[in-house]
Amino acid sequence: QVQLVESGGGLVQAGGSLRLSCEVSGRTFSSNGMAWFRQAPGKEREFVVGISSSGVAKRYASSVKGRFDISRDNAKNTVYLQMNNLKPEDTAVYYCAADPKRLHSSSDPQYYDYWGQGTQVTVSS
């Protein structure tokens with residue numbers, strides 16, 4: 001059974017930083033793209049950042065470019081999201097997702113068959 005478990009969320013003041021982790025168990029995704037999405041109350045789930053299987057190619061939403069970074073440790077089957085200079089509009093539940101078929105990440109959630117349960121990030125002003 002494949003499981004993605006996020007951790008690292010919490011409450012932080014605007015301008016602060018958080019690092020989210022997503023640990024995968026049940027199979028390896030070292031040959032697959034992975035991504036982080038988020039969903040704020042009353043809004044649709046949106047793409048945040050994605051990473052290719054090798055970790056070289058990254059894709060960012062314009063709203064987080066320059067502030068967020070994604071990385072992965074394939075030996076640990078873990079993906080990370082480093083969030084800096086957080087803003088109140090970053091408040092959302094953050095989800096890790098894995099694409100079992102493709103090497104590169106996509107911003108389209110339909111390609112991701114596996115999702116974590118989400119971790120809450122709250123940024124106060």
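Residues numbered from 1 in each chain as written. Predicted model: local features only at pLDDT ≥ 70, side-chain atom pairs only at ≥ 80, totals over all residues. Heavy atoms only, no water.

(A) Broad picture of the packing of aromatic side chains. According to the stated counting rule, one finds 5 aromatic pairs in the structure shown. Measuring from ring centre to ring centre gives 5.6 Å for Phe37 and Phe47, while their planes differ by 75°; the resulting arrangement is edge-to-face. Placement of the pair is Phe37 in strand S4 (residues 34-39) and Phe47 in strand S5 (residues 46-51), with a sequence separation of 10 residues. Phe47 shares its class with Phe37; the two are buried. Here the aromatic rings of Phe37 and Tyr112 are separated by 5.4 Å at their centres, their planes lie at 75°, and the arrangement is edge-to-face. Placement of Phe37 in strand S4 and of Tyr112 in the loop between strand S9 (92-98) and strand S10 (114-115) is noted, with a sequence separation of 75 residues between them. When its relative accessible area of 0% is taken as the criterion, Phe37 is described as buried. Tyr112 sits in the buried class, given a relative accessible area of 4%. In this structure, Arg19 is placed above the aromatic ring of Tyr80, and the distance from its NZ or CZ to the ring centre is 4.0 Å. (Phe/Tyr/Trp six-rings, centres within 6.5 Å; stacked < 30°, edge-to-face > 60°. Helix = DSSP H or I, 4+ residues; strand = E, 2+ residues; numbered from the N terminus. Buried < 20%, exposed > 50% of the residue type's maximum accessible area, 1.4 Å probe, protein only. Lys NZ or Arg CZ within 6 Å of the ring centre and 35° of its normal.)

(B) Just the sheet that holds strand S1 (residues 3-7), in detail. Reading across from one edge, S1-S3-S8-S7 is the order of the 4 strands in this open sheet, with antiparallel pairing throughout. This sheet does not close on itself; its edge strands, each paired only once, are S1 and strand S7 (68-73). When the angles between neighbouring strand axes are averaged without regard to direction, this sheet yields 15°. Pairing geometry for S1 and strand S3 (residues 18-25), over 5 bridges, is antiparallel. Looking at S3, one finds that Ser7 is bridged to Ser21. (Pairing = 2+ DSSP bridges. Axes fitted to C-alpha atoms, helices over the stretch in contact; angles between N-to-C directions.)

(C) Region of the structure containing the pattern of salt bridges. Evaluation of the coordinates by the stated rule reveals 6 salt bridges. Residue Asp90 pairs with Arg67 through a salt bridge whose shortest N-O separation is 2.7 Å. Here Arg67 lies in the loop between strand S6 (58-60) and S7 and Asp90 lies in the loop between strand S8 (78-83) and S9, a separation of 23 residues in the sequence. Where Arg102 meets Asp99, a salt bridge forms, and the shortest distance between an N and an O atom there is 3.0 Å. Classification of Arg102 by relative accessible area gives partly exposed; the value is 31%. According to the relative accessible area criterion, Asp99 is buried, its value standing at 0%. Through salt bridges that share partners, Arg38, Glu46, Arg67 and Asp90 make up one connected network. (Salt bridge = Lys/Arg side-chain N within 4 Å of Asp/Glu carboxyl O.)

Geometry only, nothing functional implied.
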